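In case you want the letters, here they are:
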Amino acid sequence: MTPDRHPRRIVCLTEETTETLYLLGEQHRIVGISGYTVRPPQARQEKPRVSAFLSARIDQILALEPDLVLGFSDLQADIASTLVRAGVPVHVFNHRTIDGILASIQMVGAMVGAQARTAMLLAELQAGLDAAAARAALLPRRPRVYFEEWMDPLISGIGWVSELIVLAGGEECFPELAGRSLGRDRIIADPSEVLRRSPELILGSWCGRKFQPATVAARPGWDALPAVRDGQVFEIKSSEILQPGPAALTDGLRRIEARIQAWAARS
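Cut-off values and rules
Residues numbered from 1 in each chain as written. Predicted model: local features only at pLDDT ≥ 70, side-chain atom pairs only at ≥ 80, totals over all residues. Heavy atoms only, no water. Phe/Tyr/Trp six-rings, centres within 6.5 Å; stacked < 30°, edge-to-face > 60°. Helix = DSSP H or I, 4+ residues; strand = E, 2+ residues; numbered from the N terminus. Buried < 20%, exposed > 50% of the residue type's maximum accessible area, 1.4 Å probe, protein only. Pairing = 2+ DSSP bridges. Axes fitted to C-alpha atoms, helices over the stretch in contact; angles between N-to-C directions. UniProt positions renumbered as here; feature names shortened; annotations may be inferred. Arc of directions from axis to C-beta. Contact = heavy atoms within 4.5 Å.

Student: So what's going on with the packing of aromatic side chains? Residues and values would help.
Tutor: With the rule as written, the count across this model stands at 3 aromatic pairs. With 5.8 Å between their ring centres and 65° between their planes, tyrosine 146 and phenylalanine 174 make a pair best called edge-to-face. One end of the pair, tyrosine 146, is in strand S6 (residues 144–151); the other, phenylalanine 174, is in the loop between strand S8 (171–172) and helix H8 (175–178), and 28 residues separate them in sequence. Across the pair, phenylalanine 174 and tyrosine 146 agree in class, each one buried.

Student: Outline the sheet that holds strand S3 (residues 49–51), supporting the account with residue identities and numerical values.
Tutor: Within a sheet, adjacent strands bond to each other through the backbone by hydrogen bonds, running parallel or antiparallel. Reading across from one edge, S3-S2-S1-S4-S5 is the order of the 5 strands in this open sheet, with parallel pairing throughout. Edge positions in the open sheet fall to S3 and strand S5 (90–93), since each of these has one partner strand only. Neighbour to neighbour, the strand axes of the sheet diverge by 25° on average, direction disregarded. Sheet topology note: the strand S1 (residues 10–12)/strand S4 (residues 68–72) ladder contains 3 bridges and is parallel. Following the sheet pairing, valine 11 is matched in S4 by valine 69.

Student: Which residues make up the UniProt feature "domain: Fe/B12 periplasmic-binding" (unreviewed entry) in the protein, and what values do they have?
Tutor: UniProt's entry tags residues 9–264 with the feature "domain: Fe/B12 periplasmic-binding" (unreviewed entry), counted in the numbering of this structure. When the span residues 9–264 is considered, its composition is 45% helix and 16% strand, and the gap between its end C-alpha atoms is 48 Å.

Student: How would you summarise helix H4 (residues 77–85) if you had to cite specific residues and measurements?
Tutor: For H4, the complete set of buried residues consists of Ile79, Ala80 and Leu83. The buried residues of H4 occupy one face: seen down the axis, they fall within an arc of 95°. Residues of H4 that are exposed and angled more than 90 degrees away from the buried face: Asp78 and Arg85. Those residues of H4 hidden inside the fold are in contact with helix H3 (58–63), S4 and S5. Just downstream of H4, glycine 87 is the residue with a positive phi angle, here 90°.

Student: Provide a residue-level description of the pairing of strand S9 (residues 201–204), including the pertinent values.
Tutor: Residues of S9 alternate between two faces, with Leu201 and Leu203 on one and Ile202 and Gly204 on the opposite face, all of them buried. In this structure, S6 lies alongside S9, joined through 4 bridges in parallel fashion. Counted as the bridge partner of phenylalanine 147 is leucine 203 from S9.

Student: Residue-level account of the environment of alanine 119, with values.
Tutor: One can find alanine 119 in helix H6 (residues 115–136). Between the alpha carbons of alanine 119 and glutamine 106 there is a distance of 7.6 Å; along the sequence they are 13 residues apart.

Quick look at the structure:
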């Protein structure tokens, strides 16, 4: 019998790799998760929480004796380097696009030897994306959509969020910022620029804080925006849209599409 040489004790420093491993039926390999994990719900009951996003309990992680730690982005570089110096194998994903999300899922599946189940999951996700794009093609007009990732300063949506908006039938208000990976590079320096671009639909997810449509509507001059005037300002939960994994391509996409389709029906 061929021995299983794939990682058996994995710590996931962000939610999307945890969700991916559960979807692949490989959750038995997970020995530690991020405290921000909410998907799937059972992970919080089954797995110890050993990290936030910018910090981690290094001693607890080492005590779990992981043979692989999975992280995300340059923001976790310090955690990763500490673990590497302690002799722990670490892989940090750094994708910002839909294709990047799909590639990361494929890589996680390969890491645990679940290629067949991964291929099925990827086909399912791609079918969902294709179906949403087909529905968007039938819209009589595409609404101008402003996605707000943070409120002070204003930060527009990251790459995969922008792509999902376009895929679902929206017109991205700040396409020139969407490809910039760091939040500080997506700052809208002049808030009046949002007024000039006149969004017809505003979606927001304040990176872990509850998005407040009333706060947005109360900003000076924003009552003149079509989105505010017509009551088209809505929250999308961070767990559904701001983690670059399966959630964004499923529930996140569905939430965006539902708002765009409802806007089209009103219009």
